[in-house]
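Each chain, written out:
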Amino acid sequence: MMPRAKMASTRLLLLQFMLILGITSGQNDFQPDAFDVDPTRYGNADYEFQSGHKLYNMDDSFLPGSVGERARRIPPIVEPIEYFIRIQPYFPNEVVPVTRENNMTFDGICTFVFKVMNATDKVTLHSFYLTYSNIKLLNDNGKELISNAHWSFNETLNHIVSIIQTGNNLRVGNKYMLQFKYNGKIHNYTETGLYYTAYLDKPNGTAHFMLATHMEPARARWVFPCLDEPAYKAYFHITLIYPKGLVALANTMERPAVPWPEEGCTITQFSSTMTSAVFSWEVIQFPPSLKMSTYLVAFAIGPYVNAHTVNEDGTLVSSC
């Protein structure tokens, strides 16, 4: 039998994103914002590239000693077990049309599997820049307990509080699932979370957009609701739905893409007799990650050329 450590190593993807900016013909000042992306749409703070003293004053900073850092921490009422995260982004591409309304946004579904450690009638997670349309509570067998849970949001603390049922606590030791349906923003490359960048083809000046993530130090909450602190570790199941012909990567082992049904075409209508030519989207459901903190989650979508190899320890090493 393969040692546990080696089995774990086979599921680790060392993902190197070589995102090249400003590849133009004699034009070195290319800015992705010029391509119908409003730079003021998501604020004008250069989060990732600000000096240290400014980072300490950010609304969601988790740097030690930063303003409000301790208040934003969440006590260990529940223990995270798994996250099932599905992301479908909308950004300029050559296959799927985007509207001004949904440009640089994404649809998300996150199922948070957790164990109750202390009696509670609410579950608090970190969340920022996410808009929710529905939250469901299910038991560990998938039976729906609450179809539309009430919730509140504290922007100062970056907390979304799912109120389960007043006076009816979740049972200590039991496992439950919270399923969140929401919408989020794709940020400028000078920010973090899920962000975009782009480059120009030299011959014709065509812009090619690509997406990647940067979850450090506490930016996973910009992409999915979670316990966004390093001490809270879990397994992550990432599913990416993206325009056909692009490449999707994540920091787990790879799987081939399959066609994704168009809006209005149900799963039952999809069969092996239908060719992928009728679909504009593809989907990859990646294998589960190692048990890790939220800031280590990573994925990318774009016109990449992907090269990979498996080393002698069984670790997949990929670059693009």
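Residues numbered from 1 in each chain as written. Predicted model: local features only at pLDDT ≥ 70, side-chain atom pairs only at ≥ 80, totals over all residues. Heavy atoms only, no water.

An unreviewed UniProt entry annotates the protein as Peptidase_M1_N domain-containing protein of Anisakis simplex.

**Topic: unusual backbone geometry**
Following Glu216, the chain continues to Pro217 via a peptide bond in cis, the omega torsion being -5°. Backbone geometry at Tyr129 places phi at a positive 65°, although glycine is not the residue there. For Tyr129, the position within the fold is in the loop between β4 (122-126) and β5 (131-139). Even without a glycine there, the phi angle at Asn158 is positive, about 60°. (Helix = DSSP H or I, 4+ residues; strand = E, 2+ residues; numbered from the N terminus.)

**Some details on the packing of aromatic side chains**
Applying the stated criterion across every chain, the model contains 15 aromatic pairs. Aromatic side chains Tyr129 and Trp222 sit 4.9 Å apart centroid to centroid with 90° between the ring planes, which places their arrangement in the edge-to-face category. Of this pair, Tyr129 sits in the loop between β4 and β5 while Trp222 is found in the loop between β11 (207-214) and β12 (235-243), placing the two residues 93 residues apart along the sequence. Aromatic ring contacts, followed pair by pair, group Tyr83, Phe112, Phe114, Tyr176, Phe224 and Phe236 into a single cluster. (Phe/Tyr/Trp six-rings, centres within 6.5 Å; stacked < 30°, edge-to-face > 60°.)

**Points about the state of the cysteines**
By the definition in use, this model includes 0 disulfides. Of all cysteine sulfurs, the one in Cys226 lies closest to Cys110, which takes part in no disulfide; the gap is 7.6 Å. We classify Cys226 as buried; its relative accessible area is 0%. (Disulfide = S-S within 2.5 Å. Buried < 20%, exposed > 50% of the residue type's maximum accessible area, 1.4 Å probe, protein only.)

**Re the confidence of the model for the protein**
Summing up the model confidence of the protein, the mean pLDDT is 77 and the portion of residues at 70 or higher is 68%. Contacts for the low-pLDDT stretch residues 1-57, under 50 throughout, to residues beyond four places or in other chains number 128 contacts. Low pLDDT (under 50) marks residues 264-277, which in the prediction has 10 contacts with non-local residues, meaning those over four places away or in another chain. (pLDDT = per-residue confidence, 0-100. Contact = heavy atoms within 4.5 Å.)

**Considerations on the nonpolar core**
Ranked by size, the top nonpolar core spans 56 residues in total, and within it Tyr83, Tyr182 and Phe224 carry the most contacts. Broken down by element, this core gets its largest block of residues, 5 residues, from strand β3 (residues 105-116). Sequence-distant contacts of Phe224, defined by excluding residues within four places in its chain, comprise Tyr83, Ile85, Cys110, His126, Leu130, Tyr182, Met215, Phe236, Thr294 and Val297. Tyr195, Met210, Ala300 and Tyr304 belong to the second largest nonpolar core, which has 6 residues in total. (Core = buried A, V, L, I, M, F, W, Y, C linked by side-chain atoms within 4.5 Å.)

**Describing the pattern of salt bridges**
One pass over the structure, following the stated rule, counts 4 salt bridges. Between Asp121 and Lys122 there is a salt bridge; the shortest N-O distance is 3.0 Å. According to the relative accessible area criterion, Asp121 is buried, its value standing at 16%. Since its relative accessible area comes to 36%, Lys122 is described here as partly exposed. (Salt bridge = Lys/Arg side-chain N within 4 Å of Asp/Glu carboxyl O.)

**Notes on the sheet that holds strand β14 (residues 258-260)**
Taken in spatial order, the 8 strands make up an open sheet running β6-β5-β9-β3-β2-β12-β15-β14, and their pairing is mixed. Here the strands that pair on one side only, and so sit at the sheet edges, are β6 (144-146) and β14. Averaged over all pairs of adjacent strands, the angle between strand axes in this sheet comes to 25°, irrespective of strand direction. Strand direction decides the pairing type here: strand β2 (residues 78-90) and β3, joined by 12 bridges, are antiparallel. Across the sheet, the residue bridging to Pro89 is Phe106, located in β3. (Pairing = 2+ DSSP bridges. Axes fitted to C-alpha atoms, helices over the stretch in contact; angles between N-to-C directions.)

**Thoughts on the environment of Glu191**
Tracing the backbone through its elements, the reader meets Glu191 in the loop between β9 (175-185) and β10 (193-200). Here the alpha-carbon distance between Glu191 and Arg219, two residues 28 residues apart in the chain, equals 9.8 Å. Within polar-contact distance, the side chain of Glu191 engages the side chain of His187 at 3.0 Å. (Polar contact = N/O pair within 3.5 Å; in protein donor to acceptor, adjacent residues only side chain to side chain.)

**What about the pairing of β5?**
Alignment of β5 against β9, held across 8 bridges, turns out to be antiparallel. If you follow Leu137 over to β9, its bridge partner there is Leu178. Note that β5 and β6 share 2 bridges and pair antiparallel. Bridge pairing in β6 links Leu137 to Ile146. What sits between the antiparallel neighbours β5 and β6 is a turn of 4 residues, in which Gly142 has the positive phi angle 90°.

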